[in-house]
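Here is how the chains run, residue by residue.
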Amino acid sequence: MTTIGTSYGGVSLSGGGVQLAAGTYTIDYTWQADAAGSGTSASELVSAYLTLSGTEVAGSRIKATTSTSPSIEDQVSNSITITVPAGGGVLMLNNGAVATAGHNSSLTGITGSINVQRVQ
């Protein structure tokens, strides 16, 4: 994750993650990659999930399978509302696929994004 930005409203960047102050947030996130497959149809799994201070955020795991054809990079996305407890925490987007995710060099490559909006 690119860590360029400033702190605003209890949200700041922190070592590849997003530091959040206590509160309620809506998180929109995406992950795009070409996962390694077994050579059978629909064996490539593109998956991602969020962690808050090292613990997986319940309901955040998203996934999609693709064929094993070259040049296919699937994208998964989701929106979730989380409550960060007193003391805050670091939110991170993680690769959830069992296989290593890579990218076809003719495409955009591995991309991930997190959009954080404080709602309370």
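See above for the structure.
Residues numbered from 1 in each chain as written. Predicted model: local features only at pLDDT ≥ 70, side-chain atom pairs only at ≥ 80, totals over all residues. Heavy atoms only, no water.

1. A few points about the nonpolar core
Core analysis: the biggest nonpolar cluster contains 21 residues, and Ile27, Tyr29, Leu50, Ile82 and Leu91 have the highest contact counts within it. Where this core is concerned, the elements lending two or more residues are strand S2 (17-20), strand S3 (23-35), strand S4 (44-52), strand S6 (62-66), strand S7 (74-84) and strand S8 (89-95). No other element matches the 5 residues that S3 contributes to this core. With residues near it in sequence (within four places) discarded, Ile27 still touches Leu50, Asn78, Ser79, Ile80, Ile82, Leu91, Ile114, Asn115 and Val116. (Core = buried A, V, L, I, M, F, W, Y, C linked by side-chain atoms within 4.5 Å. Buried < 20%, exposed > 50% of the residue type's maximum accessible area, 1.4 Å probe, protein only. Helix = DSSP H or I, 4+ residues; strand = E, 2+ residues; numbered from the N terminus. Contact = heavy atoms within 4.5 Å.)

2. Things to note about the pattern of salt bridges
This model, assessed by the stated rule, comprises 1 salt bridge. Here Arg61 ties to Glu56 by a salt bridge, and the two come within 3.0 Å at their closest N and O atoms. For Arg61, a relative accessible area of 42% gives the class partly exposed. (Salt bridge = Lys/Arg side-chain N within 4 Å of Asp/Glu carboxyl O.)

3. Things to note about the pairing of S4
When you tally the buried positions in S4, you get 8 out of 9 residues, the bulk of the element. Pairing between S4 and S8: 5 bridges, direction antiparallel. Bridge assignment links Leu52 to a residue of S8, and that residue is Leu91. As defined by bridge partners, S4 adjoins strand S5 (residues 55-56) across 2 bridges and the pair is classed as antiparallel. (Pairing = 2+ DSSP bridges.)

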